[in-house]
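# Structural features, examined
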Amino acid sequence: MSLYKETAASLHQKLVEKQCSAREIAQSVFDCMDEVEDRVGAYLSQNRQGALAAADKVDRQIAAGRDIHPLAGIPIAVKDNICTQGMTTTCASQMLYNFVPPYDATVMGRLKGTGAVLTGKTNMDEFAMGSSCENSHFQLTRNPHDLRRVPGGSSGGSAAAVAAGEAILSLGSDTGGSIRQPAACCGVIGLKPTYGSVSRYGLVAFASSLDQIGPFGRSVADVAALYGVLCGADPMDAPSARRSYPDFAALLKGDVTGLRIGIPREYYGPGVDEQVRAAVHGALADLERAGASLVELSLPSTDYALSAYYIISSAEASSNLARFDGVKYGYRAPDCDGLIDLYEKTRSQGFGDEVKRRIMLGTFVLSSGYYDAYYNRAKRLQDTIRGEFEEAFKLCDVIATPTMPTPAFKIGENVDDPLKMYASDVCTVTVNIAGLPGMSIPCGTAHGLPAGMQLIGPKFSEQVLFDTALTLENIRGNLCPVAGARGEG
Ligand code: GLN
């Protein structure tokens, strides 16, 4: 049975109707992993025994006639910067190569409460810094649609796992695009939730004011169901919003009648690949025919967003990563001569080049002579960008843009050019800067590869994003067929 190709919703149906067991679902996903993981490299560690035990528990509940949660028995992969009690959480860094957290992130507690089955921890760019997974200390992850290409990043392992059928759903984290950009590259759906809606407790911090955990899936309903489990107030996370959330999956309508979709011209400029632009326009035309109207508008500060993002995120990273000193966690350099030598050697050997680049940049922009010229200026730009979105949402209900200006690039193509690598986030960073929800959905192909459309809404408007995406899914059918992960590589 190719259970691994199905959605969580259809697997849940099969479970309650006793057409299959949770163990069979887990086994089907493992069989797929046996077939493709050598080529894809989505996982840093696997949890087969634990997954089977969790699946058996769900099967016992079903046999005992108990009701099960829609995610019970559903195989879910988790990015390796989300703390999992008793399981290594490396952030794809030498610095944390042996770190086994003594506690679960809040989202892990929530997932376990549903009876979901954890398949393993996925590859990523080191400390979530990157756009291709090539900054992982441990391994490459390849795009299941074309093994010569990157899966995007930094949550590339989580996106690739879902795209290849090595998980039904997964979790990533998004600081400047790290869920949406790999979702676009791998032809799956990814949501960066409203800042403050999903607890960051137990997420290894990159840039705390921007980081959010969010779901990947192969159907809109699945992503809505997983988001419904992840969101919620948490006293362990200071910016967590004190509010309640509806049952998103149950409320899905898939109706865009009267919906005003904003088209910000800055996101469709000459830097965007012709075929990506055409794919997004094709999806917009479908939504228009379904009753939405398109509103042209302008978000003039978009051009400065990348600079503001890299200043703010690096500043916060330089502070957050100060805790990795060889004393408390993970890696400790051997043969050190005193404390300062221990710090220096541990950090020189434990961090990769990109992480060091961010720490140096962040330290520089926060230093006394440059604080006003860089960090304060970037923070002022953040206010401007937020204000522009607020104005835009007076004219429209949701904004649509390409997720990424190009389809997935070739492995190695951008590794020696950090600025080119950073440019692949040009459409996504504004959303984190403004704290808004953003979702990437497959909208066709460009050069034979998946292209993604990004939907952006006002804070806490996830339901509108889901309904817009569902409309497209209803028109086009399955947006995310499982990729075969064949070909060179
Ligand atoms: N690619 C961006 C960066 O390198 C975003 C990363 C992220 O969202 N974690 O910072």
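The coordinates are above.
Since we're looking at a predicted model, the values are computed, not measured.

### Overview of the environment of Leu 436
- Here Leu 436 lies in the loop between α15 (429–433) and β10 (438–446).
- Of the residues examined, Leu 436 reaches a relative accessible area of 6% and is grouped as buried.
- Sequence separation between Leu 436 and Pro 458 is 22 residues, and the spatial gap between their C-alpha atoms is 5.9 Å.
- If near-sequence neighbours (up to four positions away) are discounted, Leu 436 is found in contact with Lys 192, Pro 193, Thr 194, Phe 389, Phe 393, Val 431, Ile 456, Gly 457, Pro 458 and Lys 459.

### Comments concerning helix α5 (residues 156–164)
- Burial within α5 is extensive, with 9 of its 9 residues counted as buried.
- All of the buried residues along α5 are Gly 156, Gly 157, Ser 158, Ala 159, Ala 160, Ala 161, Val 162, Ala 163 and Ala 164.
- Once α5 ends, the next one or two residues include Gly 165, with phi positive near 85°.

### Things to note about the packing of aromatic side chains
- Throughout the structure, instances matching the rule amount to 18 aromatic pairs.
- Centroid distance Phe 127 to Phe 351: 5.9 Å. Interplanar angle 70°. Geometry classified as edge-to-face. Note that Phe 127 is positioned in the loop between β3 (117–122) and α5 and Phe 351 in the loop between α11 (339–350) and α12 (353–366), a separation of 224 residues in sequence.
- With a relative accessible area of 3%, Phe 127 lands in the buried category.
- Seen from their ring centres, Tyr 310 and Tyr 422 are 4.0 Å apart, and the 15° between their planes marks the pair as stacked. Of the two residues, Tyr 310 is situated in helix α10 (residues 302–320) and Tyr 422 in helix α14 (residues 418–423); the sequence distance between them amounts to 112 residues.
- Residue Tyr 310 is classed as buried on the basis of its relative accessible area, which comes to 8%.
- Chaining the aromatic ring pairs together yields one cluster made of Phe 99, Phe 127, Phe 324, Tyr 329 and Phe 351.
- Taking the ring centre of Tyr 245 as reference, the NZ or CZ of Arg 243 above it sits at 5.7 Å.
- Taking the ring centre of Phe 460 as reference, the NZ or CZ of Arg 243 above it sits at 3.8 Å.

### Quick word on the site of the ligand
- Near the ligand lie 15 residues; those nearest to it are Thr 175, Gly 176, Ser 178, Tyr 309 and Arg 358.
- At a separation of 2.9 Å, a nitrogen atom of the ligand approaches a polar side-chain atom of Ser 131.
- A distance of 2.8 Å separates a nitrogen atom of the ligand from a polar side-chain atom of Asp 425.
- In isolation the ligand offers 290 Å² of accessible surface; the protein chains occlude 100% of this area.

### What about a nonpolar patch on the surface?
- Taken together, Val 327, Leu 339, Ile 340 and Tyr 343 make up a surface patch of nonpolar side chains, about 360 Å² in accessible area.
- By the secondary structure assignment, Tyr 343 is in helix α11.
- Exposure remark for Tyr 343: the relative accessible area of 30% places this residue in the partly exposed category.

### Some points on the side chain of Glu 473
- By secondary structure assignment, the location of Glu 473 is in helix α16 (residues 462–476).
- For the buried Glu 473, which has no salt bridge, the nearest side chain bearing the opposite charge is Arg 218, at an N-O separation of 9.7 Å.
- A polar contact of 3.0 Å, which involves the side chain of Glu 473, links it to the backbone nitrogen of Val 220.
- Glu 473 has contacts with Ile 189, Arg 218, Ser 219, Val 220 and Leu 479, leaving out every residue within four places of it along the chain.

### Quick notes on unusual backbone geometry
- Backbone torsion omega between Gly 153 and Ser 154 reads 10°, so that peptide bond is classified as cis.
- The residue Ser 154 is located in the loop between β3 and α5 in this model.
- Positive phi values are uncommon outside glycine, yet Ala 92 reaches one of about 55°.
- Take Ala 92: its relative accessible area is 0%, and that puts it in the buried class.

### Remarks on α10
- Helix length check: α10 (19 residues) gives 27 Å between terminal C-alpha atoms against 27 Å at 1.5 Å per residue, within 8%.
- In terms of burial, α10 is a largely internal element, 14 of the 19 residues being buried.

### Structural notes on the pairing of β10
- Within β10, 7 of the 9 residues are buried, which leaves it mostly tucked inside the rest of the structure.
- Pairing between strand β5 (residues 189–192) and β10: 3 bridges, direction antiparallel. In the strand pairing of β10, Gly 190 is matched with Ser 440.
- Two strands pair when backbone bridges link them, and β10 and strand β11 (residues 449–456) are joined in this way by 7 bridges, in the antiparallel orientation. Within the sheet, the bridge partner assigned to Ile 441 lies in β11 and is Met 453.
- Between β10 and β11, which pair antiparallel and follow one another directly, the connecting turn spans 2 residues, one of which, His 447, has a positive phi of 55°.

Rules and cut-offs
- Residues numbered from 1 in each chain as written.
- Predicted model: local features only at pLDDT ≥ 70, side-chain atom pairs only at ≥ 80, totals over all residues.
- Heavy atoms only, no water.
- Helix = DSSP H or I, 4+ residues; strand = E, 2+ residues; numbered from the N terminus.
- Buried < 20%, exposed > 50% of the residue type's maximum accessible area, 1.4 Å probe, protein only.
- Contact = heavy atoms within 4.5 Å.
- Phe/Tyr/Trp six-rings, centres within 6.5 Å; stacked < 30°, edge-to-face > 60°.
- Lys NZ or Arg CZ within 6 Å of the ring centre and 35° of its normal.
- Near = heavy atom within 4 Å.
- Polar contact = N/O pair within 3.5 Å; in protein donor to acceptor, adjacent residues only side chain to side chain.
- Areas by Shrake-Rupley, 256 points an atom, 1.4 Å probe, with all protein chains shown as cover.
- Patch = residues over 30% accessible without salt bridge, like charges linked within 9 Å, V, L, I, M, F, W, Y side chains within 5 Å.
- Salt bridge = Lys/Arg side-chain N within 4 Å of Asp/Glu carboxyl O.
- Lys, Arg positive; Asp, Glu negative; His and termini not counted.
- Expected span 1.5 Å × (residues − 1).
- Pairing = 2+ DSSP bridges.

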